[in-house]
Amino acid sequence: MTRPEPRFSIVLPTHNRHELLREALESLAAQTFTDWEVVVVDDGSSQPVDAAEIRSIVGERYTLHTHAHPKGVAAARNSGYMLARGEFIAQLDDDDQLAPAALELADRGLKHPFAPEILYIGVEAFGGEGAAVNARQRAALDRTLANARSASDQGLIIFGDALFDALLKSVPAAFQKPIFHRSILDRVQPMNKDDWPESAWAIEAAARSIRCALLDLPVYRWRRDGQSYFSVSGQHFASMLGHI
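Quick caveat: nothing in here was measured; it's all calculated off a predicted structure. Numbering of residues begins from 1 in every chain and follows the order in which that chain's sequence is written. Reporting of local features is limited, given that this is a predicted model, to residues whose pLDDT is at least 70; pairs of side-chain atoms are given and counted only at 80 or more, and all residues count toward the totals for whole chains, interfaces and linings. Hydrogens are left out, water is left out, and the side-chain values use all remaining heavy atoms of the structure.

Caption draft 1: The environment of L217, seen in detail. Under the scheme used here, helices are H or I runs from DSSP no shorter than 4 residues and strands are E runs no shorter than 2 residues, and both carry numbers assigned from the N terminus. Position of L217 among the secondary structure elements: in strand β10 (residues 212–223). For L217, a relative accessible area of 37% translates into the label partly exposed. Residues L217 and P197, spaced 20 residues apart in sequence, show a C-alpha to C-alpha distance of 23 Å. Every residue pair with non-hydrogen atoms within 4.5 Å of one another is taken to be in contact. Apart from residues no more than four positions distant in its own chain, L217 is found in contact with L105, I121, G122 and V123. Think of it in three bands: with a 1.4 Å probe and only protein chains considered, a residue is buried below 20% of the maximum accessible area for its type, exposed above 50%, and partly exposed in between.

Caption draft 2: Highlighting the side chain of S9. Following the sequence through the fold, S9 ends up in strand β1 (residues 8–14). Among residues more than four places away in sequence, those in contact with S9 are E37, A84, R85, G86, F88, I89 and A90.

Caption draft 3: Layout of helix α1 (residues 18–29). One fewer than the residue count of a helix, multiplied by 1.5 Å, yields its expected span. Across its twelve residues, α1 extends 16 Å between first and last C-alpha, which sits within 8% of the 16 Å expected from 1.5 Å per residue. Restricting attention to buried positions, one finds in α1 the residues L20, L21, A24, L25, S27 and L28. Seen along its axis, α1 keeps its buried residues to an arc of 150°; they face one direction. On the buried face of α1, the contacting elements are β1, β2 (36–43), α2 (51–58), β5 (97–98) and β10. Relevant arc is that of directions from the helix axis to the C-beta atoms, nothing else.

Caption draft 4: Representation of the pattern of salt bridges in the model. A pairing counts as a salt bridge when a side-chain nitrogen of Lys or Arg comes within 4 Å of a carboxyl oxygen of Asp or Glu. Applying the stated criterion to the full structure yields 20 salt bridges. Across the salt bridge formed by R7 and D107, the nearest N and O atoms sit 2.7 Å from each other. Linking R7 in the segment before β1 with D107 in helix α4 (residues 102–110), this pair joins segments that are 100 residues apart in sequence. Overall, D107 belongs to the buried group, its relative accessible area being 8%. Of the charged contacts, one joins D142 and R138 as a salt bridge, the two residues approaching to 2.8 Å between their closest N and O atoms.

Here it is, written out as structure tokens:
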């Protein structure tokens, strides 16, 4: 039987982090909003992800896609986007988590009269580097909001054309966590092989004047313990990320 299309598809790329993947999936299973699916993309793990383990955590609301060889996080996300069936597509890294009310609050934000096509969500770092990262990210986000001449309304921060110039100066972590209408896949280029593909994606979306808003609540839990899917060489892009 074909499953009905869900409100949200969460694309979750993973590579050789089975225990952390379990924690990420458990955070989805704990969501207060239940109309979602998860698309797990195993990017060439040396020990392939077990579909039965995914099912034991989230039930039948999953798709598992496997790359025979590692292609990188951008390619893994793009594979997941193509398999997503939801009205809106979100992303979750395999070492991160969503707060229990994340999708419920996102659903509420997407129903705002502004009708955002992209909803960015607030980030809260945790782990050994968490406190320092949160302080730097808050400062970076406040600068970006001021430069973007944003306006608050009914719990959302609404953006206009000034967002593009603001993101050219800095792309704080919140702008790397988009939830977007699936039609955006036809309007913004897929994430490429740059070290920080989310930053380029957010800048292009702003350049195309797509309706964007921010849910400035800490609903995306960003693990900061020195681990990263990205290569160390990518750190020269740190200035774009608000000096994370």
